[in-house]
Amino acid sequence: MTDSIHNSDTHSGVSRRAFLKGSGAAAAATAVGTSTAPLAAQEGGTEVVRGEKTISLTVNGQNRQATVEPRTTLLEMLRYQFDLTGAKPVSLDGSSGASTVWVDGKTVAASTMLALQCEGKAIRTVESLGGDQPDPVAQAFVKHDAEQCGFCTPGFVVAVRAFLDKHPNASEEEIRQGLNGNICRCGTYANIIDAAMSIVKGESHG
Ligand code: FES
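Notes on the structure follow. Owing to the predicted nature of the structure, the values given are computational and were not obtained by experimental measurement.

Basis of the calculations
Residues numbered from 1 in each chain as written. Predicted model: local features only at pLDDT ≥ 70, side-chain atom pairs only at ≥ 80, totals over all residues. Heavy atoms only, no water. Helix = DSSP H or I, 4+ residues; strand = E, 2+ residues; numbered from the N terminus. Buried < 20%, exposed > 50% of the residue type's maximum accessible area, 1.4 Å probe, protein only. Contact = heavy atoms within 4.5 Å. Areas by Shrake-Rupley, 256 points an atom, 1.4 Å probe, with all protein chains shown as cover. Core = buried A, V, L, I, M, F, W, Y, C linked by side-chain atoms within 4.5 Å. Salt bridge = Lys/Arg side-chain N within 4 Å of Asp/Glu carboxyl O. Pairing = 2+ DSSP bridges. Axes fitted to C-alpha atoms, helices over the stretch in contact; angles between N-to-C directions.

1. Concerning the overall build of the protein
Looking only at helices and strands, the protein has six helices and seven strands in total. For the protein, the succession of helices and strands along the chain, N to C, is α-β-β-β-β-α-β-β-β-α-α-α-α. For the protein, the residues scored as buried account for 44% of the 206 residues in total. Considering only contacts within the protein whose residues lie at least 6 apart along the sequence, 60% involve residues at least 24 apart. When the accessible area of the protein is evaluated, it comes to approximately 10,300 Å², of which 49% is carbon and sulfur surface.

In structure tokens:
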């Protein structure tokens, strides 16, 4: 049981190659002053989108729509269209784990996924955790002083929540491995592990 909360590589009908083609074409069209109206075409069985496109998806249980460019990332859409700023833009390659969210139940670095790939998907962010009361993972982070600047914290909270949902009886070593896709530059790892272990031990109710 050592599967980690690595940020999943997610695939859809819109490939990164198609994205590059599409954004390049849009830039070229802008450069010569021609229309950049939405244009979708089939090239080699893959949809190529130029200009903006409106997509429908579920965000934290609500049906939402967003109009995005081919280059727009899931992280940008969440932050700038839906005002969900929990996921953080620390590393665009996802190596920090600070933009971790759920996409169809799997953890993903939102900075590495294109918004167009989210058509019809269910997105869940750190803002979904807890209702009247904060989620026990968030409470455990506070209790164990598991943050300093807090920039990594939302990503860690999602990663811990996702890992413990799958492995409620995980050992300390398994939790360390499970969280190896997230980085804390302030070095609060020991306290984060303590927070997670407190839930496993029943000291914090998870
Ligand atoms: S608390 Fe500052 S990066 Fe983790």
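Having seen the structure, we can now continue with the description.
2. What to know about the nonpolar core
Of all hydrophobic cores here, the largest spans 25 residues; its most connected members are F141, F156, V160, L164, I175, L179 and I192. At the level of secondary structure, the elements contributing two or more residues to this core comprise helix 3 (136–143), helix 4 (153–166) and helix 6 (189–200). With eight residues, helix 4 is the single largest residue contributor to this core. When residues no more than four places from it in sequence are discounted, the contact partners of L179 are F156, A159, V160, I192 and I193. Among the nonpolar cores identified, the runner-up in size contains 22 residues, and I55, M77, L84 and A110 belong to it.

3. Focus on the pattern of salt bridges
Here the idea is simple: oppositely charged side chains can pair when their charged atoms come close. Tallied over the full model, the rule gives five salt bridges. Between E69 and R71 there is a salt bridge, with the nearest N and O atoms lying 2.7 Å from each other. Note on E69: relative accessible area 29%, which makes it partly exposed. Using a relative accessible area of 55% as the deciding quantity, one classes R71 as exposed. Across the salt bridge formed by D104 and K121, the nearest N and O atoms sit 3.8 Å from each other. In this pair, D104 sits in the loop between strand 5 (100–103) and strand 6 (106–109) while K121 sits in the loop between strand 6 and strand 7 (122–124), placing the two residues 17 residues apart along the sequence. Residues joined in a network through salt bridges with shared partners are D135, R161 and D165.

4. Notes on the sheet that holds strand 7
Here five strands make up an open sheet; going across it, the order is 4-3-7-5-6 and the pairing mixed. The sheet terminates laterally at strand 4 (62–68) and strand 6, the two strands that pair on one side only. For this sheet, the mean angle separating the axes of adjacent strands, direction not counted, is 40°. Pairing geometry for strand 3 (residues 53–59) and strand 4, over seven bridges, is antiparallel. Looking across to strand 4, one finds that L57 is bridged to R64. The strands touched by helix 2 (residues 74–81) within the sheet are strand 3, strand 4, strand 5 and strand 7, with strand 4 carrying the most contacts at an inclination of about 105°. Of the strands in this sheet, strand 5 and strand 6 are in contact with helix 4, which crosses strand 5 at around 45°.

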